[in-house]
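One-letter residues, chain by chain:
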Amino acid sequence: DGGITQSPKYLFRKEGQNVTLSCEQNLNHDAMYWYRQDPGQGLRLIYYSQIVNDFQKGDIAEGYSVSREKKESFPLTVTSAQKNPTAFYLCASSTERDRGSVDGYTFGSGTRLTVV
Amino acid sequence: AQSVSQHNHHVILSEAASLELGCNYSYGGTVNLFWYVQYPGQHLQLLLKYFSGDPLVKGIKGFEAEFIKSKFSFNLRKPSVQWSDTAEYFCAVKSYNTDKLIFGTGTRLQVFP
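What counts, and where the lines are drawn
- Residues numbered from 1 in each chain as written.
- Chains lettered and ligands numbered in written order.
- Predicted model: local features only at pLDDT ≥ 70, side-chain atom pairs only at ≥ 80, totals over all residues.
- Heavy atoms only, no water.
- Helix = DSSP H or I, 4+ residues; strand = E, 2+ residues; numbered from the N terminus.
- Rg over C-alpha atoms; globule rule 2.2 N^0.38 Å.
- Buried < 20%, exposed > 50% of the residue type's maximum accessible area, 1.4 Å probe, protein only.
- Contact = heavy atoms within 4.5 Å.
- Areas by Shrake-Rupley, 256 points an atom, 1.4 Å probe, with all protein chains shown as cover.
- Lys, Arg positive; Asp, Glu negative; His and termini not counted.
- Charge placed at Lys NZ, Arg CZ, Asp CG, Glu CD.

### Quick notes on the overall build of chain A
Here's step 1: Along its length, chain A carries 0 helices and 11 strands.
Here's step 2: Overall, chain A shows an N-to-C arrangement of helices and strands of β-β-β-β-β-β-β-β-β-β-β.
Here's step 3: In terms of overall dimensions, chain A is globule-like: its C-alpha atoms have a radius of gyration of 14 Å, near the 13 Å expected for 116 residues.
Here's step 4: Once the C-alpha set of chain A is aligned to its principal axes, its extents read approximately 45 × 30 × 30 Å.
Here's step 5: In chain A, buried positions account for 48% of the 116 residues.
Here's step 6: Contacts in chain A between residues far apart in sequence, at least 24 positions, make up 52% of those at least 6 positions apart.
Here's step 7: Element-wise, carbon and sulfur atoms account for 45% of the exposed surface of chain A, whose accessible area totals about 5700 Å².
Here's step 8: Computed over 13 positive and 13 negative side-chain charges, the inter-centroid distance for chain A is 7 Å.

Laid out in structure tokens, this is it:
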């Protein structure tokens, strides 16, 4: 079955440590996205990538970094510069048939990061 | 900048009641509109989407939404809710000339038997 795999499901880290969240998709989607979900704030876009070796900042990119070396993979690193890293992180992917439409996004099951 | 507003943060209904969740967006150009649902402990799922054509869109599980361009709105409706509709609902907007999907803050729906 095609889909998006995020790992791990739960992650605990000490304050000041960098941590990398994995996101892999086998849908052959060109675009991939990272969102952060906090209670009462919905989903906020961190970074997105439309093609391999290219990515753009979203609305809350500070303290995060990404890479897109392969089409299937879009890992997110939460650095020690992120002031409030404890959150639920969602990865998504999409395909666009043309500029004006998108066939919806497919979401992973998320990673809950807790920094202690 | 684009933004999406969901005015109802928490809605509590009894089974069989009718539901309408508000969604307004700020972008003035051509948009694609979505409603997603997140059931407790599950990942986000697409309920319905609007690209063009008939402004009344039917989705899964009896949900529908109406795009009213003049009001910049895309409200979600269901004539008769069930206990299993308890979930968080997110409205999302993508403008024609960007690749970003912008979400509202979500509405938590609780349905009691």
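### Description of the overall build of chain B
Here's step 1: When helices and strands are tallied, chain B shows 0 helices and 12 strands.
Here's step 2: Whereas a compact globule of 113 residues would reach a radius of gyration of roughly 13 Å, chain B reaches 13 Å, a difference of no more than 12%.
Here's step 3: Taken along its principal axes, the extent of the C-alpha atoms in chain B is 45 × 25 × 20 Å.
Here's step 4: Scored against the burial criterion, the 113 residues of chain B give a buried share of 47%.

Limitation: the analysis is restricted to geometry and does not speak to function.
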